[in-house]
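The chain contents come next:
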Amino acid sequence: MNNKTILQLAKGFRGRSKNCIRVARERVEKALQYAYRDRRNKKRDMRALWIQRINAGTRQHGVNYGQFMHGLSKENINLNRKVLSEIAMHEPYSFKSLVDLSRIAFTQVKIKQ
C-alpha cells in the first residue's frame with residue numbers, strides 16, 4: 001500500500017498513529033489483522049447468542065436446548081438457529097407450539113429405546 005492509502009486507513013487513530021507513516025503502517029496492519037480475525041469471531045458470537053436465546057425460551061416451557069433441537073430434528077423441522085431465536089423473542093405462541101412438537105417427538109424417541 002502506498003502512503004496515502006495507509007494514512008487514509010489510519011484516519012481516526014490516536015496520537016502519531018494517524019499522521020506518522022511508520023507508526024501508522026504498523027497500526028493499520030494490526031487493525032486489518034484484528035478485522036480479519038473478528039469477522040470470523042462475529043459468526044461464533046452470533047451463533048452463541050442465538051443458542052442462548054433459544055435455550056431461554058425453551059426452559060420457560062420445561063425443556064432444555066438439547067432436547068428441543070433433538071426433537072425438532074426428529075420431527076424433520078429444519079429451522080436454523082437464527083430464525084428460531086427470532087421466533088422465541090417475537091412470536092412466543094408460535095415458539096410454544098414448536099416446543100410442544102419437539103417435546104412429543106423427544107418423548108417418543110425415549111419410549112422406543
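What you see is a predicted model, and the numbers here were worked out from it, not measured in a lab.

Caption draft 1: Highlighting the overall build of the chain. Scanning the chain from terminus to terminus reveals five helices and zero strands. Ordering the α and β elements of the chain from the N terminus gives α-α-α-α-α. The C-alpha atoms of the chain give 23 Å as radius of gyration, which overshoots the globular expectation for 113 residues (13 Å, by more than 25%). Expressed as lengths along the three principal axes of its C-alpha atoms, the size of the chain is roughly 70 × 30 × 20 Å. When each of the 113 residues of the chain is scored for burial, the buried share is 25%. Here the analysis covers contacts within the chain between residues at least 6 apart in sequence; of these, 49% occur between residues at least 24 apart. Carbon and sulfur atoms form 52% of the exposed surface of the chain, whose accessible area is close to 8400 Å².

Caption draft 2: The environment of Val83, seen in detail. Within the secondary structure, Val83 is located in helix H4 (residues 81–90). The partly exposed category is assigned to Val83, whose relative accessible area is 35%. For the pair Val83 and Ile54, spaced 29 residues apart in sequence, the C-alpha to C-alpha distance is 9.8 Å.

Caption draft 3: Fine view of the nonpolar core. One finds Ile54, Val63, Tyr65, Phe68, Met69, Leu72, Leu84, Ile87, Ala88, Phe95, Leu98 and Val99 forming the largest nonpolar core, which totals 12 residues. At the level of secondary structure, the elements contributing two or more residues to this core comprise helix H3 (65–74), H4 and helix H5 (92–112). Top contributing element to this core by residue count: H3, with four residues. Once you skip the residues sitting within four places of it in the chain, Val99 turns out to touch Thr58, His61, Val63 and Phe68.

Thresholds, definitions, all that
- Residues numbered from 1 in each chain as written.
- Predicted model: local features only at pLDDT ≥ 70, side-chain atom pairs only at ≥ 80, totals over all residues.
- Heavy atoms only, no water.
- Helix = DSSP H or I, 4+ residues; strand = E, 2+ residues; numbered from the N terminus.
- Rg over C-alpha atoms; globule rule 2.2 N^0.38 Å.
- Buried < 20%, exposed > 50% of the residue type's maximum accessible area, 1.4 Å probe, protein only.
- Contact = heavy atoms within 4.5 Å.
- Areas by Shrake-Rupley, 256 points an atom, 1.4 Å probe, with all protein chains shown as cover.
- Core = buried A, V, L, I, M, F, W, Y, C linked by side-chain atoms within 4.5 Å.

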